[in-house]
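Summary of the model geometry
Read off the chains here:
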Amino acid sequence: ITQTEKLLEEISFGEYFMEIALLFRETMFVNGILTNAEIWYSFSESEIKEFESLDRLLLRKILQVPVSTHLEAFYLELGILPIGIIVKARQINYLHYLLTRDTDEMLYKFFITQWFQPCRGDWTETVKQDLQDFDIQWDFDYIRSESGEAFKKIVKTKAHEYSLNKLTKMQRKHSKMEDLYYTEVKPQ
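As a starting point, this report considers the structure included with it. (Residues numbered from 1 in each chain as written. Predicted model: local features only at pLDDT ≥ 70, side-chain atom pairs only at ≥ 80, totals over all residues. Heavy atoms only, no water.)

**Here's the deal with the overall build of the protein chain**
A count of helices and strands for the protein chain gives nine helices and zero strands. Reading the helices (α) and strands (β) of the protein chain from amino to carboxyl end gives α-α-α-α-α-α-α-α-α. Seen through its C-alpha atoms, the protein chain measures out along the principal axes to roughly 55 × 35 × 30 Å. Residue burial in the protein chain is summarised as follows: out of 188 residues, 40% are buried. Counting only contacts in the protein chain whose residues sit at least 6 apart along the sequence, the fraction spanning at least 24 positions is 63%. Roughly 11,200 Å² of accessible area belongs to the protein chain as shown, and the carbon and sulfur atoms make up 53% of that amount. Here the protein chain contributes 23 positively and 30 negatively charged side chains, and the mean placements of these two sets differ by 3 Å. (Helix = DSSP H or I, 4+ residues; strand = E, 2+ residues; numbered from the N terminus. Buried < 20%, exposed > 50% of the residue type's maximum accessible area, 1.4 Å probe, protein only. Contact = heavy atoms within 4.5 Å. Areas by Shrake-Rupley, 256 points an atom, 1.4 Å probe, with all protein chains shown as cover. Lys, Arg positive; Asp, Glu negative; His and termini not counted. Charge placed at Lys NZ, Arg CZ, Asp CG, Glu CD.)

**Remarks on the nonpolar core**
Within the largest apolar cluster, 52 residues are counted, with the highest numbers of intra-cluster contacts made by Leu34, Ile92, Leu95, Phe111 and Phe134. Mapped by element, the contributors of at least two residues to this core are α2 (17-33), α3 (45-63), α4 (71-78), α5 (83-99), α6 (106-116), α7 (123-134), α8 (140-145) and α9 (148-171). Per element, the largest residue contribution to this core is ten residues, and it comes from α5. Excluding residues within four positions of it along the chain, Ile92 makes contact with Val127, Asp130, Leu131, Phe134, Ile136, Phe151 and Val155. (Core = buried A, V, L, I, M, F, W, Y, C linked by side-chain atoms within 4.5 Å.)

**As for the packing of aromatic side chains**
Counting across every chain of the model gives ten aromatic pairs. Aromatic rings pair up to connect Tyr94, Tyr97, Phe111, Trp115, Phe116, Trp123, Trp138 and Phe140 into one cluster. Of note, Lys128 hangs over the ring of Trp115, and the distance from its end group to the ring centre comes to 4.8 Å. (Phe/Tyr/Trp six-rings, centres within 6.5 Å; stacked < 30°, edge-to-face > 60°. Lys NZ or Arg CZ within 6 Å of the ring centre and 35° of its normal.)

**Concerning the environment of Leu98**
Within the element layout of this structure, Leu98 appears in helix α5. Sequence separation of Leu98 and Leu8 is 90 residues, and the distance between their C-alpha atoms is 39 Å. The residues touching Leu98, leaving out its near neighbours within four places in the chain, are Leu107, Tyr108, Phe111 and Trp123.

**Here we look at α4**
Taking burial as the measure, the eight residues of α4 include six buried ones, the bulk of the element. The complete set of buried residues in α4 reads Glu72, Ala73, Phe74, Tyr75, Leu76 and Leu78. Packed against the buried residues of α4 are α2, α3 and α9. Following α4 by one or two positions, Gly79 adopts a phi angle in the positive range, close to 70 degrees.

**Some remarks on the packing of helix α1 (residues 2-10) against α2**
Running from amino to carboxyl end, α1 crosses α2 at an angle of 155 degrees, the nearest separation of the two axes being 10 Å. In this view, α1 runs roughly antiparallel relative to α2, as classed from their interaxial angle. α1 and α2 meet at a crossing whose hand is right-handed. Contacts between α1 and α2 pair Gln3, Thr4, Leu7 and Leu8 from the former with Phe17, Ile20, Ala21, Phe24 and Met28 from the latter. Partitioning the contact of α1 with α2 into residue classes produces seven nonpolar, two polar and no charged. (Axes fitted to C-alpha atoms, helices over the stretch in contact; angles between N-to-C directions. Parallel < 35°, antiparallel > 145°, perpendicular 65-115°, else oblique. Left-handed = near helix turned anticlockwise from the far one by under 90°. Nonpolar A, V, L, I, M, F, W, Y, C, P; charged D, E, K, R; others polar.)

**Focus: the side chain of Glu72**
Here Glu72 is to be found in helix α4. In this structure Glu72 is buried but unpaired, with Arg56 as the nearest side chain of opposite charge at 8.5 Å. Sequence-distant contacts of Glu72, defined by excluding residues within four places in its chain, comprise Leu167, Met170, Gln171, His174 and Met177. (Salt bridge = Lys/Arg side-chain N within 4 Å of Asp/Glu carboxyl O.)

What follows is the structure, encoded as structure tokens:
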């Protein structure tokens, strides 16, 4: 956060300030804190909330807005995804990676065993919930049939739909945002 803030203060980006700031958020902050998040085991809701509170802190510093600014306003106005949804998308994309491995690989065998004989807290239980949240079929043949790029596009679209639904539900609870309507997650 400090590194990003310092770069944005020291270098004048003019009319590209917001684009550059969001690029820094994505490359330095999100990718920095979520390194290998797609394979994290027993990633709890409280840990996601902690990451999201850090994200909001960064966004508040970039936008120079008060603490009282509603969190859904950041994401809906800037057209960005919350950390929790980014993690879900990465886990689903990793599922595609696992399913396209050679069936003789140890990683694939471990995954299949965990999928069909899960224990509480297994990664597979998390990704099953992610698939359900994003409304993506659990069918292995369907997932395998998509190329890596095609599947990433599907996941990205579903992530934006899920995010829009979740954020607009939150938005309805705040009178200051009731006159704003969003049809997609994109910069406003």
